[in-house]
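# Architecture and fold: a report
Chain residues, written in single-letter form:
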Amino acid sequence: MSINVTTEFLARDAVRAVRRGDLIIVVDALRCTSTIVTALANGAREVIPVKSLGKARKMRSENPDYLLAGERGGLKPSGFDLGNSPLEYTPERVSGKTIILTTTSGTKALENSKGAQRVFIGSFLNAGAVAREALSTALNDGRDICIVQSGTNGAFSLEDFICAGAIISNLTDADIKLSDAAQAAYLGFKSIEKNLCANIMKSEHSKRLIELGFVEDIKFSCQVNLFPIAPFYDGRAVIVRR
Ligand code: MLT
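Presented here is a report on the structure given in the accompanying data block. Computed from a predicted model, the values in this text were never measured in an experiment.

### A few points about the site of the ligand
Every residue close to the ligand is listed here: Asp 28, Leu 30, Arg 31, Cys 32, Glu 71, Asn 84, Thr 103, Thr 104, Ser 105, Gly 106, His 205 and Leu 209. A distance of 2.8 Å separates an oxygen atom of the ligand from a polar side-chain atom of Asp 28. With respect to the ligand, the backbone of Gly 106 contributes an N or O atom lying 2.8 Å from an oxygen atom. Compared with its free state, where it exposes 270 Å², the ligand has 97% of that area covered by protein.

And the structure:
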């Protein structure tokens, strides 16, 4: 059986993949999905993605033992326990915890993917693991795959495009048909793979993060295959099979 692989460039376009019935892999390499993958790899129980600050604060007031996390404009909102830096999500801080997470684009892409049967979380950190799990699930279910790039503030982002390519480069051992956009992402990744981080630092969002003092987040998030996990979103929370 052959699997079509496409990619959407913006969080809002997740709804198109949902309409097609695709298996979705949501990517927000800087930094939302890198943060989610790190939190779960470091033992967090679950991550609940929430679109608005208001909804996140309300959920926290109803569940005082949950951690409240996220960013607006890249920075931790007032009263939050954690920002959106994957480096903050250490085992000491997150092990066993439920985390409410709200970010500008990444959690929107996740919420917009809600109607899909299967939604996985992808980043450079788990590119191989998420590709393998998504491919075997898609083959099992008879579905096509769409990598939904979250983008940055409603616009295309270089790092998500290249991250989609990193995941596609791990979709092997099956009859895969890439759309032109998916093929371009793959070729883009292959062309800078050996110097990934220095090239990701050229993106507009990277430059903004560097200005804010988050250069270490970019270096961390550019590590390919650091974590062999494939978290998935069940419509309420992102979890990982342990
Ligand atoms: C987002 O969801 O827009 C990003 O994760 C922003 C960030 O780098 O904090």
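### Describing helix H7 (residues 158–168)
Along H7, 10 of the 11 residues are buried, which leaves the element largely enclosed by surrounding structure. Of all the positions in H7, only Glu 159, Asp 160, Phe 161, Ile 162, Cys 163, Ala 164, Gly 165, Ala 166, Ile 167 and Ile 168 are classed as buried.

### Considering the nonpolar core
Core analysis: the biggest nonpolar cluster contains 37 residues, and Ile 25, Phe 124, Ile 145 and Ile 167 have the highest contact counts within it. When contributions to this core are tallied by element, the ones reaching two or more residues are strand S1 (2–8), strand S2 (23–27), helix H6 (127–141), strand S7 (145–149), H7, helix H8 (180–192) and helix H9 (196–200). At 7 residues, the largest contribution of residues to this core is made by H7. Ignoring sequence-local partners within four residues, the contact set of Ile 145 consists of Ile 3, Asn 4, Val 5, Thr 6, Leu 23, Ile 25, Ala 134, Leu 135, Ala 138 and Leu 171. Among the nonpolar cores identified, the runner-up in size contains 33 residues, and Ile 36, Ala 69, Phe 220 and Phe 227 belong to it.

### Describing the pattern of salt bridges
Applying the stated criterion across every chain, the model contains 17 salt bridges. A salt bridge links Arg 143 to Asp 141; its shortest N-O distance comes to 3.4 Å. On the basis of relative accessibility, which here comes to 19%, the residue Arg 143 falls in the buried class. The class of Asp 141 is partly exposed, set by a relative accessible area of 28%. Of the charged contacts in the structure, one is a salt bridge between Glu 193 and Lys 190, with a shortest N-O distance of 3.0 Å.

### Considerations on the packing of aromatic side chains
Summed over all chains, the structure comprises 4 aromatic pairs. Ring centres of Phe 9 and Phe 156 lie 5.5 Å apart, and the angle between their planes is 70°; this geometry places the pair in the edge-to-face category. Of this pair, Phe 9 sits in the loop between S1 and helix H1 (14–20) while Phe 156 sits in the loop between S7 and H7, and the two are 147 residues apart along the sequence. With relative accessibility at 46%, the residue Phe 156 sits in the partly exposed group. Measuring from centroid to centroid gives 6.5 Å for Phe 220 and Phe 227, while their planes differ by 55°, and the two rings are tilted. As far as the burial class goes, Phe 220 and Phe 227 line up, both buried. Among the aromatic residues, those joined into a cluster by ring pairs are Phe 9, Phe 156 and Phe 161. It is Arg 31 that lies over the ring of Phe 214; its NZ or CZ is 4.4 Å from the centre.

### Digging into helix H2 (residues 32–41)
Burial analysis of H2 places 9 of its 10 residues in the buried class, which makes it a mostly covered element. Taken together, the buried positions of H2 are Cys 32, Thr 33, Ser 34, Thr 35, Ile 36, Val 37, Thr 38, Ala 39 and Leu 40. Following H2 by one or two positions, Gly 43 has its phi on the positive side, about 100°.

The rules behind the values
- Residues numbered from 1 in each chain as written.
- Predicted model: local features only at pLDDT ≥ 70, side-chain atom pairs only at ≥ 80, totals over all residues.
- Heavy atoms only, no water.
- Near = heavy atom within 4 Å.
- Polar contact = N/O pair within 3.5 Å; in protein donor to acceptor, adjacent residues only side chain to side chain.
- Areas by Shrake-Rupley, 256 points an atom, 1.4 Å probe, with all protein chains shown as cover.
- Buried < 20%, exposed > 50% of the residue type's maximum accessible area, 1.4 Å probe, protein only.
- Helix = DSSP H or I, 4+ residues; strand = E, 2+ residues; numbered from the N terminus.
- Core = buried A, V, L, I, M, F, W, Y, C linked by side-chain atoms within 4.5 Å.
- Contact = heavy atoms within 4.5 Å.
- Salt bridge = Lys/Arg side-chain N within 4 Å of Asp/Glu carboxyl O.
- Phe/Tyr/Trp six-rings, centres within 6.5 Å; stacked < 30°, edge-to-face > 60°.
- Lys NZ or Arg CZ within 6 Å of the ring centre and 35° of its normal.

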